[in-house]
Amino acid sequence: MRVCIVDDDPFVTTSLATILTAQPDIQVEGEGHDGNEAVSLYERVRPDVLLMDIQMPGADGLAAAERILADHDDARIVFLTTFSDDEYIVRALRLGAKGYLIKQEVATIAPALRTVMMGQSVLGQEVLDRVDVLMSRQSAVSPRPVGESDFSAGEEAFAVLSEREHAVVELVAEGLDNKEIAATLYISEGTVRNHISVILQKLALKNRTQLAISYYRARGA
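Residues numbered from 1 in each chain as written. Predicted model: local features only at pLDDT ≥ 70, side-chain atom pairs only at ≥ 80, totals over all residues. Heavy atoms only, no water.

Engineer: I'm lost on the overall build of the protein in this one. Help?
Structural biologist: When its secondary structure is counted, the protein shows eleven helices and six strands. Burial analysis of the protein (221 residues in total) assigns 49% to the buried set. For the protein, the accessible surface area stands at approximately 10700 Å², while carbon and sulfur atoms represent 50% of it. (Helix = DSSP H or I, 4+ residues; strand = E, 2+ residues; numbered from the N terminus. Buried < 20%, exposed > 50% of the residue type's maximum accessible area, 1.4 Å probe, protein only. Areas by Shrake-Rupley, 256 points an atom, 1.4 Å probe, with all protein chains shown as cover.)

Structure (structure tokens):
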């Protein structure tokens, strides 16, 4: 896969490039150091994956991702940052980022990029551990209007999901547990948990029960 790396610290981009090019299936095609460079780099190289920091001087990674995804909705953008900040996680996923990894988890980066190339989304373990807290907090600060169900997600909401995420939702709605979903889709239970966490965040739902109910309501069942 062809990868571009953007981070405001040149040492980080060089180190990541060295680590990733040691992988037989990864080729680093370019490096940048701020959001504006990320946009121009993506336009010039069109990498398979853009690996990018969030906090950078000038245009940050989130602003750059928004610009890129506005013109290329199929862009695979994975954030790699030292901050597992709740607001960053929410914004990144809502923008359509394919992953949110923590820099300290260096050994997970290459496998995560391969997962993204397979059409799946990835979250670092530290981020995954915060998802329940994140969603509870979001629910507390963003109450729904009186009379509106806490788990009302229509067809338009489900349109933000990838094909694989749709498959996971359907199996959740059928009552399968994570082990059964993993066996059905030939993926690991960890990947299933990852998918469900991302799906719940995208749809602003709290749990799989709400997800199943929303799915059937969206179908008019």
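Engineer: Help me out: how do you make sense of the environment of T108 in this one?
Structural biologist: Structurally, the position occupied by T108 is in the loop between β5 (99-102) and α5 (109-117). Residues T108 and G124, 16 residues apart in the sequence, show an inter-C-alpha distance of 8.0 Å.

Engineer: Can you help me understand the environment of A64 in this one?
Structural biologist: Examined against the element boundaries, A64 turns out to sit in helix α3 (residues 61-71). Distance from A64 to D34, taken between C-alpha atoms, is 8.5 Å for residues 30 residues apart in sequence.

Engineer: I tried to follow unusual backbone geometry on my own but got confused; where do I start?
Structural biologist: Most peptide bonds take the trans configuration, and most residues that are not glycine carry a negative phi. With phi around 50 degrees, R46 is a residue other than glycine that occupies positive phi space. Within the fold, R46 resides in the loop between α2 (35-45) and β3 (49-52). The class of R46 is partly exposed, set by a relative accessible area of 43%. Of note in this structure, A204 is not a glycine but carries a positive phi near 55 degrees. Of note, A204 is situated in the loop between α10 (189-203) and α11 (208-218).

Engineer: Whenever I open this one, the packing of aromatic side chains confuses me. Can you help?
Structural biologist: Aromatic ring pairs are reported here in terms of the distance separating the ring centres and the angle at which the planes meet. Tallied over the entire structure, the rule returns one aromatic pair. With a centroid separation of 6.3 Å and 70 degrees between ring planes, the pair formed by F158 and Y215 is classed as edge-to-face. Residue F158 is found in helix α7 (residues 155-158), and its partner Y215 is found in helix α11; the two are separated by 57 residues along the sequence. Taken as a pair, F158 and Y215 share a single burial class, namely buried. (Phe/Tyr/Trp six-rings, centres within 6.5 Å; stacked < 30°, edge-to-face > 60°.)

Engineer: I would appreciate a short explanation of the nonpolar core in the present structure.
Structural biologist: A general tendency of soluble globular proteins is for nonpolar side chains to be buried together. Ranked by size, the top nonpolar core spans 28 residues in total, and within it V6, L50, M52, I68, I77, F79 and Y100 carry the most contacts. Breaking this core down by element, the ones donating at least two residues are β1 (2-6), α2, β3, α3, β4 (77-81), α4 (86-95) and β5. Residues in contact with M52, not counting those within four places in the same chain, are V6, A38, G61, A64, A65, I77, V78, F79 and L80. If you look at the next biggest cluster of nonpolar residues, it comprises 22 residues, including F158, L176, L200 and A212. (Core = buried A, V, L, I, M, F, W, Y, C linked by side-chain atoms within 4.5 Å. Contact = heavy atoms within 4.5 Å.)

Engineer: Is there a simple way to explain the side chain of E165 in this structure?
Structural biologist: Structurally, E165 can be placed in helix α8 (residues 163-173). There is a polar contact of 2.8 Å between the side chain of E165 and the backbone nitrogen of S162. (Polar contact = N/O pair within 3.5 Å; in protein donor to acceptor, adjacent residues only side chain to side chain.)

Engineer: Help me out: how do you make sense of the pairing of strand β2 (residues 27-32) in this one?
Structural biologist: Within a regular strand, the side chains alternate between the two sheet faces. Inspection of the sheet shows β1 paired to β2 by five bridges, in the parallel sense. Paired with R2 across the strands is Q27, a residue of β2. Crossover connection from β1 via helix α1 (residues 10-21) to parallel β2: handedness right-handed. (Pairing = 2+ DSSP bridges. Right-handed = clockwise from strand over helix to strand, strands pointing away.)

Engineer: What should I look at first to understand helix α9 (residues 178-185) in this one?
Structural biologist: Helical geometry note: an α-helix holds 3.6 residues per turn, so side chains three or four residues apart project in the same direction. Along α9, the residues classified as buried are N178, I181, A182 and L185. Considered in projection along α9, the buried side chains sweep an arc of 100 degrees and stay on one side of the axis. Facing away from the buried side of α9 by over 90 degrees, the exposed positions are K179 and A183. If you follow the buried residues of α9, they end up packed against α8, α10 and α11. Its side-chain oxygen at 3.2 Å from the backbone nitrogen of K179, D177 defines the N-terminal cap of α9. (Arc of directions from axis to C-beta.)

Engineer: Just checking my understanding: could you explain the environment of V172 for this structure?
Structural biologist: Looking at where V172 falls in the secondary structure, it is placed in helix α8. For the pair V172 and Y215, spaced 43 residues apart in the sequence, the C-alpha separation amounts to 9.4 Å. Contacts of V172, omitting those with residues within four sequence positions, involve I181, I196, R208 and L211.

Engineer: I tried to follow α8 on my own but got confused; where do I start?
Structural biologist: Buried within α8 are the following residues: E165, V168, V169, L171, V172 and A173. Trailing α8 by a residue or two, G175 shows a phi angle of about 95 degrees, which is positive.

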